[in-house]
Amino acid sequence: MAAEVTPGRGVVLETDRLLLRPWRVAEAVVQREVWTERDPRVPSHRRIDADGRPTVAELDDAIRAGWPWSTGLLAVERKAAGDVIGYCGLIDGDLRCAGESELAFELLRRVWGRGYATEASKATVAWARSSGHVRLWATVWEWNTASRRVLAKLGFTETGRKEVDAVRGTTLDLAKRL
Ligand SMILES: CC(C)(COP(=O)(O)OP(=O)(O)OC[C@H]1O[C@@H](n2cnc3c(N)ncnc32)[C@H](O)[C@@H]1OP(=O)(O)O)[C@@H](O)C(=O)NCCC(=O)NCCS
């Protein structure tokens, strides 16, 4: 894994098959595809609403404004195909884990099951370690077998903290000391 920090332009990480780098405006269409594919159990504010929002134009504006991707959710590009297949990166700590960042990843369904999420996340964790992070955390739905497996392969373990939602399911907190 090679890492390059371009001042003012974010982080670029490279693995055998992938490049993790800042989003380009033309890729708003990929972000929207990610939104359209979300599981119906995902909260409505993270799904396309009845008016079709966010639209590609709105996501396009968000990329131009550098939000939220500039905080560390990088576009995952396949080096061989040159296509963007989703995102992986770190979200700045919130009140729950002040000062610590959360690992997040989401890929288009057509590329699931080929080890891409694990490969991208390993690079992100290595970058976090080399950047001075001492612990990362993640939240995952109990029913999300694929994501839980990725986090287990990376060495994340459950903290014991969970949030029960009778409708959507339980979310689990996991953490990894670096
Ligand atoms: C989670 C996600 C990123 C995984 O991407 P991916 O590239 O398919 O992941 P990988 O191929 O690296 O690893 C997936 C692992 O889960 C396993 N897996 C997937 N579905 C499974 C299932 N239904 N039952 C058991 N294991 C399953 C795979 O076999 C693989 O494990 P293995 O390497 O031991 O065989 C992808 O499913 C996704 O985008 N989901 C929707 C968004 C999401 O859940 N994001 C994470 C929020 S916490």
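Residues numbered from 1 in each chain as written. Predicted model: local features only at pLDDT ≥ 70, side-chain atom pairs only at ≥ 80, totals over all residues. Heavy atoms only, no water.

K.L.:
Any chance you could break down the packing of aromatic side chains for me, citing the residues and the numbers?
P.N.:
A full pass over the atoms with the stated rule returns one aromatic pair. Here R41 stacks its cationic end above the ring of W143, 3.7 Å away from the centre of that ring. (Phe/Tyr/Trp six-rings, centres within 6.5 Å; stacked < 30°, edge-to-face > 60°. Lys NZ or Arg CZ within 6 Å of the ring centre and 35° of its normal.)

K.L.:
Could you give an account of the pattern of salt bridges, with specific residues and numbers?
P.N.:
Overall, the coordinates contain 15 salt bridges when judged by the stated rule. The salt bridge partner of R64 is D60, with a shortest N-O separation of 2.9 Å. Of this pair, R64 and D60 both sit in helix α2 (residues 56-65), separated by four residues, roughly a single helical turn. On the basis of relative accessible area, R64 is assigned to the exposed category, the value being 57%. Residue D60 is classed as buried on the basis of its relative accessible area of 17%. Here the residues in one salt-bridge network are R21, E27 and E77, joined through shared partners. (Salt bridge = Lys/Arg side-chain N within 4 Å of Asp/Glu carboxyl O. Helix = DSSP H or I, 4+ residues; strand = E, 2+ residues; numbered from the N terminus. Buried < 20%, exposed > 50% of the residue type's maximum accessible area, 1.4 Å probe, protein only.)

K.L.:
Could you give an account of the packing of helix α1 (residues 28-36) against α2, with specific residues and numbers?
P.N.:
Between two packed helices, both the angle of their axes relative to each other and the distance between the axes serve to describe the pair. Axis separation between α1 and α2 bottoms out at 8 Å; the angle between their running directions is 120°. Considered as vectors, α1 and α2 are oriented oblique to each other. Regarding α1 and α2, the two cross each other, and that crossing is right-handed. Across the interface between the two elements, A28, V29, Q31, R32 and W35 of α1 pack against V56, L59, D60 and I63 of α2. (Axes fitted to C-alpha atoms, helices over the stretch in contact; angles between N-to-C directions. Parallel < 35°, antiparallel > 145°, perpendicular 65-115°, else oblique. Left-handed = near helix turned anticlockwise from the far one by under 90°. Contact = heavy atoms within 4.5 Å.)

K.L.:
Can you tell me about the site of the ligand, naming the residues and giving the values?
P.N.:
Taken together, the neighbourhood of the ligand is formed by 19 residues, with G113, T118, N144, R149 and K153 sitting nearest. Interatomic distance of 2.8 Å between a backbone N/O atom of L107 and an oxygen atom of the ligand. Look at the ligand: alone it shows 960 Å² of surface, and the protein chains cover 67% of it. Secondary structure elements with two or more residues in the shell around the ligand: β6 (101-107), α3 (116-130), β7 (135-141) and α4 (145-154). In the shell around the ligand, the residues fall into eight nonpolar, seven polar and four charged. (Near = heavy atom within 4 Å. Polar contact = N/O pair within 3.5 Å; in protein donor to acceptor, adjacent residues only side chain to side chain. Areas by Shrake-Rupley, 256 points an atom, 1.4 Å probe, with all protein chains shown as cover. Nonpolar A, V, L, I, M, F, W, Y, C, P; charged D, E, K, R; others polar.)

K.L.:
Explain the nonpolar core to me, using residue names and the numbers behind them.
P.N.:
If you look at the biggest cluster of nonpolar residues, it comprises 29 residues, and the most contacted ones within it are L20, V76, L103, L151 and F156. Looking at this core element by element, the count peaks at seven residues for α3. Contact partners of L20, with chain neighbours within four places excluded, come to V11, V12, L13, L74, A75, V76, C88, A120 and T124. Formed by 13 residues, the second largest nonpolar core is a distinct cluster that contains V30, V84, A104 and L108. (Core = buried A, V, L, I, M, F, W, Y, C linked by side-chain atoms within 4.5 Å.)

K.L.:
With reference to specific residues and values, describe the pairing of β6.
P.N.:
Along β6, seven of the seven residues are buried, which leaves the element largely enclosed by surrounding structure. Across the two faces of β6 the burial is the same, with S101, L103, F105 and L107 and E102, A104 and E106 all buried. Pairing between strand β5 (residues 84-91) and β6: six bridges, direction antiparallel. Bridge assignment links I91 to a residue of β6, and that residue is E102. As judged from the two bridges shared by β6 and β7, these two strands associate in the parallel manner. Within β7, the residue paired with S101 across the bridge is L136. (Pairing = 2+ DSSP bridges.)

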